[in-house]
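Each chain is listed here by its residues.
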Amino acid sequence: MTTDRGSVAGLPEWDRCAVMGVVNVTPDSFSDGGRWFDTEKAIKHGLDLVTHGADLVDVGGESTRPGAPRVDEDEELRRVLPVVRGLAAEGVVVSVDTMRAAVAEASLAAGAALVNDVSGGRADPRMVPAVAAAGAPFVVMHWRGQSVDMNDRAEYADTVTEVVDELRESVERAVEGGIAGDRIIVDPGLGFAKQAEHDLALVSRLGRIRAELEWPLLVAASRKRFLGHALAGPDGSPPPARERDAATAAVSALSAREGAWAVRVHEVRASADAVRVVRAVEGAEGVEDAGPGQGGRSA
Ligand code: PMM
């Protein structure tokens, strides 16, 4: 357990685990595909997430669900840019979820504050130089390859050690490429080249991951398959993605308690409450319990 979440140069500081709300401007994301595939609706949804307690809003235009094909660059730009611009104009701290340097550059120019690359800079060789040149914060996620066949890469002898080592390697490449170390955020990439057992192993060791990697930690468990497995009924069938928000909030509480810098979620309200409860609990730690007979009794 740690309350040291670290901080990221170039971003606001929060006195608790931050909440990143998700706006997928896609027709096919596993969790909310199609719902925000219209610029006006997507901007309105991002603003609603802020009202519900989001500190940042992550805008993505390409689904990364297992098996998903890539969208072309022009289409990704068409989906993402007006939404990034619209939310940034309203003062929202916007993150752009992209594996493409051109989309990252255009989004930063349109007002995005950080780049969230699920490939950690591995998918596009121009990504690290582009983010370095812009001086932007950068999320480096654990990634073993594109979504189309990532499930074939879900093999681990020691999940946590391998994810930590591979993530450190991606961060080193980013830093060697010119991105300042104090602008890097790491993410274990739940569900990416991982089966439910791997995701659970990672969630059970968030404290160790936080301790072994010196960069602020982002945890993105929202609505993912491993939660479906954990919630499956007697016949083994998981609830649909949109019925996994309470489970997501449970992971948000665990993550905040283990020192995560932020959680990335689709439904913000419950996770915003969870991280605030954890902050309150942490605030009570070290406050001496006077105990009965010492003026400490209360109803
Ligand atoms: N997962 C998804 C998309 N973007 N970004 C980061 N940093 N970490 C993740 O685990 C992650 C991500 C897939 O979920 P979604 O498309 O339903 O939002």
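The coordinates are above.
Reading the values: rules and limits
- Residues numbered from 1 in each chain as written.
- Predicted model: local features only at pLDDT ≥ 70, side-chain atom pairs only at ≥ 80, totals over all residues.
- Heavy atoms only, no water.
- Axes fitted to C-alpha atoms, helices over the stretch in contact; angles between N-to-C directions.
- Helix = DSSP H or I, 4+ residues; strand = E, 2+ residues; numbered from the N terminus.
- Parallel < 35°, antiparallel > 145°, perpendicular 65-115°, else oblique.
- Left-handed = near helix turned anticlockwise from the far one by under 90°.
- Contact = heavy atoms within 4.5 Å.
- Nonpolar A, V, L, I, M, F, W, Y, C, P; charged D, E, K, R; others polar.
- Pairing = 2+ DSSP bridges.
- Core = buried A, V, L, I, M, F, W, Y, C linked by side-chain atoms within 4.5 Å.
- Buried < 20%, exposed > 50% of the residue type's maximum accessible area, 1.4 Å probe, protein only.
- Salt bridge = Lys/Arg side-chain N within 4 Å of Asp/Glu carboxyl O.

A look at the packing of helix α1 (residues 39-51) against helix α2 (residues 73-89)
Where α1 contacts α2, the axes come no closer than 9 Å and their chain directions differ by 40°. As far as their axial angle goes, α2 and α1 are oblique. α2 is crossed by α1, and the crossing has right-handed handedness. Taken together, the residues of α2 that come into contact with α1 (itself represented by Thr 39, Ala 42, Ile 43, Gly 46 and Leu 47) are Pro 82, Val 83, Gly 86 and Leu 87. For the contact of α1 with α2, the class distribution of residues is six nonpolar, three polar and no charged.

Points about the sheet that holds strand β4 (residues 114-117)
One key point about sheets: their strands pair by backbone hydrogen bonds, in either a parallel or an antiparallel sense. Reading across from one edge, β6-β5-β4-β3-β2-β1-β8-β7 is the order of the eight strands in this open sheet, with parallel pairing throughout. Where the open sheet ends on each side, the last strands, each with one partner, are β6 (184-187) and β7 (218-219). Both β4 and strand β5 (residues 138-141) contribute to a ladder of three bridges, which runs parallel. Bridging across to β5, Asp 117 finds its partner in Val 140.

Considerations on the nonpolar core
Counting 65 residues, the largest nonpolar core has Val 59 and Phe 138 as the members making the most contacts within it. Contacts of Phe 138, omitting those with residues within four sequence positions, involve Val 115, Asp 117, Gly 120, Gly 121, Met 127, Val 128, Val 131, Ala 174, Ile 179, Arg 183, Ile 184 and Ile 185. Counting residues in each nonpolar core, the second largest holds twelve residues, with Val 93, Val 139, Ile 185 and Trp 261 among its members.

Re the pattern of salt bridges
A complete count under the given rule lists 19 salt bridges for this structure. In this structure, Arg 78 engages Glu 75 in a salt bridge whose closest nitrogen and oxygen atoms are separated by 3.0 Å. With Arg 78 and Glu 75 both in helix α2 and three residues apart, this pair spans about one turn of that helix. Its salt-bridge partner being Arg 168, residue Asp 165 comes within 3.7 Å of it at the nearest N-O pair. Of the two residues, Asp 165 and Arg 168 both sit in helix α5 (residues 159-176), three residues apart, roughly one turn of that helix. By relative accessible area, which is 25% here, Arg 168 ends up partly exposed. Put simply, Asp 58, Asp 97 and Arg 264 are held in one network by salt bridges that share partners.

Geometric values such as these leave the question of function open.
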